[in-house]
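For reference, the chains in residue letters:
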Amino acid sequence: MTTTLADLTLSRADLADLAADPHAVLHFEHCAFDGANLSGLALRGAQFLGCSLAETVLDKANLSDTRWLDCRAGAARFQLANLSDARFHRCDLNNTDWTRATLASARFAEVKLTGAQFREAQTLGLGFHDSLLVGADLRGISFRKQTIEQLDLSDADVSGCDFRDAIFEGGSLRDAHLKNARFDGADLRAADLGGLRITALAQFFKGAILSTDQAAALVSGLGIRVV
């Protein structure tokens, strides 16, 4: 049975009562949860449309199979939450914290994740599409063999990330932190590699595919003219 709630400001107690029915499918439209502590609640399969969750705490919540559309959740916290198979579309998730969350097969599309933290998250099958990850902490995440479409990873920490055999369709790695990242076989011809130094190229990009323009820009950074 689907329970739809619209244009309400809801507290933890409200949500706990709604979630007490294990058969209820909760659908929230334009509801506000700002600043609420919703830790540990069982909200599997819930749908959030145009909701506001600024600084909301969702630590250890069961959010598997949830759907989030046009939501604003700046600085929300999802530490240790279960977000398996969750879907986020056109959401503002800037400065969110996903530390040690389970994000298996989760998908983010057209999402703002500037400054987001994904430390020690479980990310098997995690996918991003056409999203802002500027300054995000993505250390250790595997993007191996993925088609990476329009991801802005400028100034992001991708240390230890696995980009082997990935295909970049647009997007940016400008000034990204690359320590121990792997790009063997990655096709980077469509990516913005501004700020990349020859030393980083030798360390992390062995076996990667670059365009002639990218190679020329790297060489020109050493003061060498390519004609």
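About the criteria used
- Each chain has its residues counted from 1, following the order in which its sequence is written.
- Restriction of local features to residues with pLDDT of at least 70 applies here, the model being predicted, together with a cutoff of 80 or more for giving and counting side-chain atom pairs; totals for whole chains, interfaces and linings are based on all residues.
- Side-chain numbers here rest on the full set of heavy atoms in the structure, without hydrogens or water.
- Under the scheme used here, helices are H or I runs from DSSP no shorter than 4 residues and strands are E runs no shorter than 2 residues, and both carry numbers assigned from the N terminus.
- The criterion used for residue contact is that any of the two residues' heavy atoms lie within 4.5 Å.
- Any pair of nitrogen or oxygen atoms within 3.5 Å is treated as a polar contact; in protein, a donor-acceptor pairing is required on top of that, and neighbouring residues in sequence qualify only through side-chain atoms on both sides.
- The working definition used for a salt bridge is a side-chain nitrogen of Lys or Arg within 4 Å of a carboxyl oxygen of Asp or Glu.
- Any two of the Phe, Tyr and Trp rings considered here, Trp counted by its six-membered ring, make a pair once their centres fall within 6.5 Å; the pair's planes then place it as stacked at under 30 degrees, edge-to-face at over 60, or tilted in between.
- Exposed residues in this analysis have more than 50% of their type's maximum accessible area, buried residues have under 20%, and partly exposed residues fall in between, with area computed by a 1.4 Å probe over protein chains only.
- By convention in this document, the label disulfide applies to cysteine sulfur atom pairs within 2.5 Å.
- We treat two strands as partners when DSSP finds at least two bridges between them.
- By convention, a crossover is right-handed whenever its connection, traced from the first strand over the helix to the second and viewed with the strands pointing away, goes clockwise.

Caption draft 1: Structural detail: the environment of Arg139. Tracing the backbone shows Arg139 in the loop between strand S7 (127–129) and strand S8 (147–149). Taking the C-alpha atoms as reference, Arg139 lies 9.0 Å from Ala156; in sequence the two are 17 residues apart. Dropping the residues within four chain positions of it, Arg139 is found in contact with Arg119, Asp157, Ser159 and Cys161. In this structure the side chain of Arg139 is engaged in a polar contact, spanning 2.6 Å, whose partner is the side chain of Asp137.

Caption draft 2: Representation of the pattern of salt bridges within the structure. For the structure on display, the rule yields 9 salt bridges. In this structure, the salt-bridge partner of Asp187 is Arg189, at a minimum N-O distance of 2.6 Å.

Caption draft 3: Local environment of the environment of Phe128. Mapped onto the secondary structure, Phe128 falls in strand S7. In this structure, the C-alpha to C-alpha distance between Phe128 and Leu151, residues 23 residues apart in sequence, is 7.4 Å. Residue contacts for Phe128: discarding those within four places in its chain leaves Phe108, Leu113, Phe118, Leu133, Leu138, Phe143 and Leu151.

Caption draft 4: Main features of the packing of aromatic side chains. Summed over the entire model, instances satisfying the criterion amount to 19 aromatic pairs. A ring pair is formed by Trp98 and Phe118, whose centres lie 5.8 Å apart and whose planes are at 0°; its orientation type is stacked. Taken together, the residues span a long stretch of sequence, with Trp98 in the loop between strand S5 (87–89) and strand S6 (107–109) and Phe118 in the loop between S6 and S7 at a distance of 20 residues. Per residue, the accessibility class of Trp98 equals that of Phe118, and both read buried. Relative to Phe118, the ring of Phe108 has its centre 6.4 Å away and its plane inclined at 90°; by these criteria the two rings are edge-to-face. In this pair, Phe108 is assigned in strand S6 and Phe118 in the loop between S6 and S7, connecting sequence segments 10 residues apart. Side by side, Phe108 and Phe118 carry an identical accessibility label, which is buried.

Caption draft 5: Structural view of the state of the cysteines. Using the criterion set out here, one finds 0 disulfides in the structure. In this structure Cys31 is not part of a disulfide, and its nearest cysteine sulfur, from Cys51, lies 5.0 Å away. For the unlinked cysteine Cys91, the closest cysteine sulfur is that of Cys71, found at 4.6 Å.

Caption draft 6: Structural context of the side chain of Thr123. As for its placement among the helices and strands, Thr123 is situated in the loop between S6 and S7. Judged by relative accessible area, Thr123 falls into the buried class, the value being 13%. If near-sequence neighbours (up to four positions away) are discounted, Thr123 is found in contact with Leu103 and Ile141.

Caption draft 7: Quick look at the pairing of strand S2 (residues 25–29). Sheet topology places strand S1 (residues 2–6) next to S2; 5 bridges connect them, and they run parallel. Across the sheet, Thr3 pairs through a bridge with Leu26, a residue of S2. In this view, the connection linking S1 to its parallel neighbour S2 by way of helix H1 (residues 12–19) has right-handed handedness. With 3 bridges connecting them, S2 and strand S3 (residues 47–49) associate as parallel partners. Its bridge partner lying in S3, Phe28 is registered against Phe48.

Caption draft 8: Spotlight on the side chain of Thr66. Mapped onto the secondary structure, Thr66 falls in the loop between S3 and strand S4 (67–69). One polar contact links Thr66 to Trp68, side chain to side chain, over a distance of 2.8 Å. If we skip the residues at most four places from it in the chain, Thr66 touches Leu43, Gly45, Ala46, Phe48, Asp85, Ala86 and Arg87.

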